[in-house]
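Residue-level structural notes
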Amino acid sequence: MRNLSIVIMAAGKGTRMKSPLAKVLHPISGKPMLYHSVKAAKALSDDIIVVTYHQADAVEAMLSGYFEGLTFHRQDLENFPGTGGALMGVKPKHDKVIVLNGDMPLMTPDAITRFLSIDAPIVMSVIRLANPSGYGRVVIVDGAVERIVEQKDCTPQELAIDTVNAGVYAFDASILSTFIPQLSNANAQKEYYLTDVIALAKKAGHAIAPLYVEEELFKGVNSKVDLCEAEIIMQRRIKNSAMLNGVTMHLSDTIYIEEGVTFEGECELEAGVILKGKTHIERSIIKAHSVVEDSTLIDSDVGPMARIRPASRIIDTHIGNFVEVKKSTLTGVKAGHLSYLGDATIDTGTNIGAGTITCNYDGKKKYETIIGKNVFVGSDSQLIAPITIEDDVMIAAGTTLPSGRVESGVLVLSRAPVKTVKGFYQKFFGKK
Ligand code: UD1
Ligand code: CA
């Protein structure tokens, strides 16, 4: 930790997202956009100030759920709108202050650290873009930054400038305390622009150092197109790091893995696999188009087209196609086809036949199913919870088992007798 304060501006509404949800709360790889930049900041600073206004309560509650020790500053956005307004009244603890836009989810600690390697009262991030549209243009004269012009204030000549402001700055705290109070809102958007600090400081004789950066790290998200592009970049990062740790992926572009999913040992993911939330995969194979959410898989194979819903533990188990598991622990089990296993605990050596359903819900409450060791559950059985099936039980195909307990060693079956009506077919359809 250095003596560094980090201010993250997250008060804006994000009109261009065309959504009632505040921009910084839109999820990328399973976590709100703002979570990602705060996480990067947390690695470097003990003084993080998040500026809020739109949906401030929701933004602050979300961040408090993930991080401790953040300072929240409510912007007086009605009277002082704009990124300059966001910095008004903010009191950083340290002499160096990094300012980040809250809509830059691809930021990393390394990228922030680069700003500290240059010794200047202002270091600002500059990107060269083939399509600079939407960004503030950086006017550079003889290699030195002169000022930043927002797109809406640009002359036609300025619009053609392809060096843009990426929206991250390192300031000496004294620069902010001197020039923020001098900002005016005499511009197209009638806002107080943080970017005007650059021209004011330049006039007062301060050096401004440009730091050339890449879009992969500094991309700003303003629209749902940007949101999608940023997610693709983040997905590539998440997947590359998993592959470098020994995870095999087939057609990785079709695989989606949320931030926070962990792997151990050699794992294999087929095309179209989706891994969400706090999922942990250990020495397992997940076959095509399976979805796993907030669950743990160890020494198992799942899918294709299986769905493992939250709070499941799948250990040493085979799960086949069209099996849905929810809040269940399966240890040493085979469930090959077409089943719903919810609120269940199933033990070693047990075989779950095709079409088995744990009837865990009576319309009011959910109930548990407990199945012991070496149980053979025949195809198309319904197990009405709450139910306990002891070890070494055979359940015949097509059985509906009522709630209660089935003792070890028995065969249970419920079958309607078969009725045979001779000659019925020809009578009904006529002779063919
Ligand atoms: C800003 C820069 C622009 C730069 C771009 C990079 C200004 C004036 N312009 O433009 O030069 O190229 O970022 O991505 O700074 N915010 C507040 N309070 C406000 C307004 C915004 O906290 O009153 C926050 C937003 O929540 C957002 C960030 O500041 O996280 C940037 O705001 P946004 O409106 O996206 O700025 P841009 O127009 O992209
Ligand atoms: Ca922006």
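Cut-offs and rules
Residues numbered from 1 in each chain as written. Chains lettered and ligands numbered in written order. Predicted model: local features only at pLDDT ≥ 70, side-chain atom pairs only at ≥ 80, totals over all residues. Heavy atoms only, no water. Phe/Tyr/Trp six-rings, centres within 6.5 Å; stacked < 30°, edge-to-face > 60°. Helix = DSSP H or I, 4+ residues; strand = E, 2+ residues; numbered from the N terminus. Buried < 20%, exposed > 50% of the residue type's maximum accessible area, 1.4 Å probe, protein only. Donors = N, O, S within 2.8 Å, 3.2 Å for Na, K, Ca; no water. Axes fitted to C-alpha atoms, helices over the stretch in contact; angles between N-to-C directions. Parallel < 35°, antiparallel > 145°, perpendicular 65-115°, else oblique. Left-handed = near helix turned anticlockwise from the far one by under 90°. Contact = heavy atoms within 4.5 Å. Nonpolar A, V, L, I, M, F, W, Y, C, P; charged D, E, K, R; others polar. Domains from an automatic or database assignment. Buried area = accessible area lost by both parts, 1.4 Å probe. Salt bridge = Lys/Arg side-chain N within 4 Å of Asp/Glu carboxyl O. Polar contact = N/O pair within 3.5 Å; in protein donor to acceptor, adjacent residues only side chain to side chain. Pairing = 2+ DSSP bridges. Core = buried A, V, L, I, M, F, W, Y, C linked by side-chain atoms within 4.5 Å.

**Structural notes on the packing of aromatic side chains**
Enumeration over the complete set of coordinates arrives at nine aromatic pairs. Judged by centre distance (5.3 Å) and plane angle (55°), the ring pair of Phe 80 and Tyr 192 falls under tilted. In this pair, Phe 80 sits in the loop between strand S5 (71-74) and helix H3 (83-87) while Tyr 192 sits in the loop between helix H6 (173-179) and helix H7 (196-203), placing the two residues 112 residues apart along the sequence. Looking at Phe 80, the relative accessible area reads 32%, which means it is partly exposed. Judged by its relative accessible area of 12%, Tyr 192 is buried. When the ring of Tyr 169 is compared with that of Phe 171, the centres are 5.5 Å apart and the planes differ by 20°; the resulting orientation is stacked. Neither residue differs from the other here; Tyr 169 and Phe 171 are each classed as buried.

**Focus: the coordination of the calcium ion (ligand 2)**
Distances from the calcium ion (ligand 2) to its protein donors, namely Asp 103 (OD) and Asn 222 (OD1), fall within the range 2.4 to 2.5 Å. Here the residue Asp 103 occupies a position in the loop between strand S6 (96-101) and helix H4 (109-113), and Asn 222 occupies one in the loop between helix H8 (215-218) and helix H9 (224-244), the gap between them amounting to 119 residues.

**Regarding the packing of helix H1 (residues 33-42) against helix H2 (residues 56-66)**
Relative orientation of the contacting elements H1 and H2 amounts to 50°, with a least axis distance of 10 Å. Here H2 runs oblique to H1, going by the angle between their axes. Crossing of H1 against H2: the hand is right-handed. Taken together, the residues of H2 that come into contact with H1 (itself represented by Leu 34, Tyr 35 and Val 38) are Val 59, Met 62, Leu 63 and Tyr 66. By residue class, the composition of the contact of H1 with H2 is seven nonpolar, no polar and no charged.

**Describing the domain arrangement of the protein**
Domain parsing of the protein yields domain 1 (4-212) and domain 2 (224-412). Inter-centroid distance (C-alpha atoms) of domain 1 to domain 2 is 44 Å. Counting from both sides, the interface comprises 16 residues of domain 1 and, opposite them, 13 residues of domain 2. Taking both sides of the interface into account, the surface hidden between domain 1 and domain 2 amounts to around 1,100 Å²; carbon and sulfur atoms contribute 59%. Between the two partners, domain 1 and domain 2, sit two salt bridges. With its nearest N and O atoms 2.8 Å apart, the salt bridge here joins Lys 39 to Glu 259. Taken together, the connections running from domain 1 to domain 2 amount to eight residue pairs in polar contact (both at pLDDT 80 or more). Sorting the residues of the side of domain 1 that touches domain 2 by element identifies strand S2 (27-28) and H1 as the ones contributing at least two each. Ranked by the residues each element gives to the side of domain 1 that touches domain 2, the list is headed by H1, at four residues.

**Thoughts on the sheet that holds strand S30 (residues 369-371)**
Neighbouring strands of a sheet are bound in pairs by backbone hydrogen bonds; such pairs are parallel or else antiparallel. The strand order across the open sheet formed by nine strands is S14-S17-S20-S23-S25-S27-S30-S33-S36, and the pairing between neighbours is parallel. Both edges of this open sheet fall to strand S14 (262-264) and strand S36 (404-406), since each of them pairs with a single strand only. Going across the sheet, the axis of each strand differs from the next one's by a mean of 5°, ignoring polarity. Here S30 runs beside strand S33 (residues 387-389); their pairing, made up of three bridges, is parallel. Bridging across to S33, Thr 369 finds its partner in Ile 387.

**Digging into the nonpolar core**
For soluble globular proteins, the rule of thumb is that nonpolar side chains tend to be buried together. Grouped together as the largest cluster of nonpolar side chains are 49 residues, with contacts concentrated most on Leu 269, Leu 275, Ile 319, Ile 389 and Ile 395. Contributing elements (two or more residues each) for this core: H9, strand S12 (247-249), strand S15 (267-269), strand S24 (318-326), strand S26 (334-342), strand S27 (344-346) and S33. Among the elements that make up this core, the one with the highest residue count is H9 (six residues). Here this core spans two domains, since at least three of its residues come from each of domain 1 (4-212) and domain 2 (224-412). Contact partners of Ile 395, with chain neighbours within four places excluded, come to Val 375, Phe 376, Val 377, Gly 378, Ser 381, Leu 383, Ile 389, Leu 401 and Val 412. By size, the runner-up hydrophobic cluster in this structure holds 41 residues, among which are Ala 41, Ile 98, Val 213 and Phe 218.

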